[in-house]
Amino acid sequence: MAAPSGTTPAAVIRGENLVKIYWLGENMIRALDGVDFEICAGEKVAITGPSGSGKSTLMHIIGCLDLPDSGRLLLGGEDVSTYSENRLASVRNRRIGFVFQSFNLLPRLTALENVELPLLYAGNHDAKDRARQALETVGLGHRLHHEPAQLSGGQHQRVAIARALVTNPDIILADEPTGNLDSRAGEEVMALFDTLNAHGRTIVIVTHEQLVAQHCPRQLHIHDGKIR
Ligand code: ADP
Ligand code: MG
């Protein structure tokens, strides 16, 4: 992204020579093989690549769900790559909102209760009000007391996006967020990401769908664990 003259936009996410290795028996898989990139505050970026190229691995590291074997990950300038499990969890809870392909809503809870959960874990007192606001932001103010089984696929994903937003994270990370949706619901979810981004939220969307990637002004292509 071009910087206004005389200033450098702050990198909210910066990866430096990230390496992640998995072992399957005696076979070494370099899921990330020296990945360098920078994402600035307020950007909307797609991470694309074929199945098995390392997209989810990269997202797990950006999201502080996993650590690289070598290299550095900086979030808002803070090098988190050597953090303990506890410190990593605290950065994750403060900075990151996750959206997954499979929604991951709890079936016995209403939309409002699902969205409240991250706040209850954090011991917030105004959880219900904030959850209601987040659901209004995603256009589901009229579905607060519905359980997932009473909602469409697109609505499921919007509840999940509200749950990602409710803690007010700097960064929304979405892994194949339209993968389980028909094309119309998928477009609605992408339009919602556009709106959130227009309000300044940094959004990173992992996808192997070209149409979804084209929604994003910038794309990072990953292939065999390398960004090209
Ligand atoms: P993508 O999300 O692009 O499909 P992944 O990041 O899931 O790719 O996987 C990258 C590579 O790492 C693949 O070869 C995959 O089989 C391997 N891999 C991912 N997770 C594990 C794991 N937990 N154990 C072993 N291999 C893994
Ligand atoms: Mg994946």
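The structure under discussion appears in the preceding block.
Our subject in this report is the structure included herewith. Keep in mind that what you see is a predicted model, and the values were worked out from it rather than measured.

Points about unusual backbone geometry
Step number 1: In this structure, N104 is a non-glycine residue whose phi angle is positive, near 55°.
Step number 2: Along the chain, the position of N104 falls in the loop between β6 (96–100) and α3 (111–121).

Things to note about the environment of V189
Step number 1: Along the polypeptide, V189 turns up in helix α6 (residues 183–198).
Step number 2: Taking the C-alpha atoms as reference points, V189 and R163, separated by 26 residues in sequence, lie 14 Å from one another.
Step number 3: Sequence-distant contacts of V189, that is, excluding residues within four places in its chain, are made with G154, Q157, I161, T178 and L181.

Let's talk about the pairing of strand β8 (residues 202–207)
Step number 1: The element β8 is extensively covered by neighbouring structure, given that six of its six residues are classed as buried.
Step number 2: Side chains T202, V204 and V206 project from β8 onto one buried face, and the interleaved I203, I205 and T207 project onto a second face that is buried too.
Step number 3: One ladder, built from five bridges, connects strand β3 (residues 44–48) with β8; its direction is parallel. Counted as the bridge partner of A46 is I205 from β8.
Step number 4: The pairing of strand β7 (residues 171–175) with β8 spans five bridges and is classified as parallel. In the sheet register, I172 faces β8, and the bridge partner there is I203.
Step number 5: Where the polypeptide runs from β7 across α6 and back to β8, its parallel neighbour, the crossover connection is right-handed.

So, the packing of aromatic side chains
Step number 1: A full pass over the atoms with the stated rule returns one aromatic pair.
Step number 2: Seen in terms of ring centroids, F98 and F100 are 5.8 Å apart; in terms of plane orientation they differ by 10°. Their pairing is stacked.
Step number 3: For F98, a relative accessible area of 15% gives the class buried.
Step number 4: Assessed through its relative accessible area of 24%, F100 is described here as partly exposed.
Step number 5: Cation over ring: R87 sits above Y83, and NZ or CZ is 4.0 Å from the ring centre.

Points about helix α2 (residues 85–95)
Step number 1: All of the buried residues along α2 are L88, A89, V91, R92 and R95. Axial view of α2: buried residues confined to an arc of 160°, hence all on one face. Along α2, exposed side chains directed more than 90 degrees from the buried face belong to N86 and N93.
Step number 2: Structurally, α2 contributes buried residues whose contacts are with β4 (70–75), β5 (78–79), β6 and β7.

A few points about the pairing of β4
Step number 1: With five bridges connecting them, strand β1 (residues 11–24) and β4 associate as antiparallel partners. Bridged to I13 within β4 is L75.
Step number 2: Judged from the two bridges that link them, β4 and β5 form a sheet pairing that is antiparallel. Residue pairing in the sheet places L74 in a bridge with D79 of β5.

Rules and cut-offs
Residues numbered from 1 in each chain as written. Chains lettered and ligands numbered in written order. Predicted model: local features only at pLDDT ≥ 70, side-chain atom pairs only at ≥ 80, totals over all residues. Heavy atoms only, no water. Helix = DSSP H or I, 4+ residues; strand = E, 2+ residues; numbered from the N terminus. Contact = heavy atoms within 4.5 Å. Buried < 20%, exposed > 50% of the residue type's maximum accessible area, 1.4 Å probe, protein only. Pairing = 2+ DSSP bridges. Right-handed = clockwise from strand over helix to strand, strands pointing away. Phe/Tyr/Trp six-rings, centres within 6.5 Å; stacked < 30°, edge-to-face > 60°. Lys NZ or Arg CZ within 6 Å of the ring centre and 35° of its normal. Arc of directions from axis to C-beta.

Nothing here speaks to function; it is all geometry.
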